[in-house]
Amino acid sequence: MKNAELISKRKLIKNSASLLALTALGPVANLFSFDKKRKYQIGACDWSIGKRNEVDALEVAKKIGLDGVQVSLGDTKNNMHLRKIEIQKAYKAASKQFGVKISSLGIGELNNIPYKSDPRTEEWVSDSIDVAKAFKCQVILLAFFGNGDLKGDEEGTKEVIRRLKKVAPKAEKEGIILGIESWLSADEHLDIIHDVGSENVKVYYDVANSHKMGYNIYNELSTLGKKYICEVHAKENGFLLGQGEVDFPRVKGILDSINYDGWVIIEGAVPNGGDLLESYVKNREYLGEILNGE
């Protein structure tokens, strides 16, 4: 399905205006100047395609046409099951069978059981580094929403910094990146990263979350740059990608300009009452066209 069938005339006009603005910035940001050597890999979160903690996520991803899946480490009910060798083997077999990569890990349970306060979470984060190494993926998303929210929590932030300092040497040794995803601004994230003092602690940037908070996501992406962004969530709340509030052609131009070479992971982006699988096929096609000129 072509992009014109997916987005309204209003969005086409908006995107066209964005393209003109990007073109004015020069060839680096020109959407029509696709670098044949640069191809963004596109994935989705297992929880966003209805398969949280399920190996079937790899099969669904194949049907959608994704390059990979961001898989959940687990939850308290299954005791973070990806730590088990037999579960890892099942995921590896499915990855090979369906030709879909494991792009990264996510510990969403930290929204319920906060990293800033619960002692169990230190073991989870440490063990997740071993799991990422076993899957040969580099990024682990550490979630800080819900009970784990750091916004305005000075003591909680100090404890997170203390814990990250403790685990960072292991992440550095294994070449794994711990990505903070939260309601914090780019500057607030940078304060944490600089206090931790490790190049293996970065920002997991979610464009829709940051836009919701009122941050200028385009400035933030440029400010953080490739140095501090480990992975990106392409997200909309209640809309297909390209039909909501995030200007993805503009995001693409910025990612190009900072030489970002990580994964772009789709999250959310299902209209109210929309079919999940159909929505993700459309989202994948849209991102493929915007990011890679497919």
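Residue positions are given per chain, counting from 1 as you read along its sequence in written order. In view of the model being predicted, local features appear only for residues whose pLDDT reaches at least 70, and side-chain atom pairs are presented and counted only at 80 or more, with totals across whole chains, interfaces and linings using the full set of residues. The side-chain quantities take in all heavy atoms of the structure and omit both hydrogens and water.

Caption draft 1: Highlighting the nonpolar core. What we call a nonpolar core is a set of buried Ala, Val, Leu, Ile, Met, Phe, Trp, Tyr and Cys residues that are connected through their side-chain atoms within 4.5 Å. Between buried and exposed lies partly exposed: a residue is buried under 20% and exposed over 50% of the maximum accessible area for its type, with that area taken using a 1.4 Å probe on protein chains only. Core analysis: the largest hydrophobic core is formed by 79 residues, its most contacted members being Leu105, Ile140, Leu142, Leu164, Leu178, Ile266 and Leu287. In this analysis, two residues are considered to be in contact whenever any of their non-hydrogen atoms come within 4.5 Å of each other. In this structure, leucine 142 is in contact with Ile107, Leu110, Val125, Leu164, Leu178, Gly179, Ile180 and Glu181, ignoring residues within four places of it in sequence. If you look at the next biggest cluster of nonpolar residues, it comprises 11 residues, including Cys45, Ala143, Trp183 and Tyr204.

Caption draft 2: Local environment of the pattern of salt bridges. The term salt bridge refers to a pairing of a side-chain nitrogen on Lys or Arg with a carboxyl oxygen on Asp or Glu at a separation within 4 Å. Inspection of the entire model under this criterion finds 22 salt bridges. The residue arginine 83 makes a salt bridge to aspartate 127 at a minimum N-O spacing of 2.9 Å. A residue pair is termed long-range when its members are at least 10 positions apart, and arginine 83 in the loop between strand 2 (68-72) and helix 3 (85-98) and aspartate 127 in helix 4 (residues 120-135) qualify at 44 residues. We note a salt bridge from arginine 284 to glutamate 294, for which the minimum N-O separation is 3.1 Å. Of this pair, arginine 284 sits in helix 10 (residues 276-292) while glutamate 294 is found in the segment after helix 10, placing the two residues 10 residues apart along the sequence. Since its relative accessible area comes to 9%, arginine 284 is described here as buried. Via salt bridges that share partners, Glu122, Glu159, Arg162, Arg163 and Lys166 belong to a single interconnected network. Helix and strand assignments follow DSSP, with helices taken as H or I runs no shorter than four residues and strands as E runs no shorter than two, numbered in order from the N terminus.

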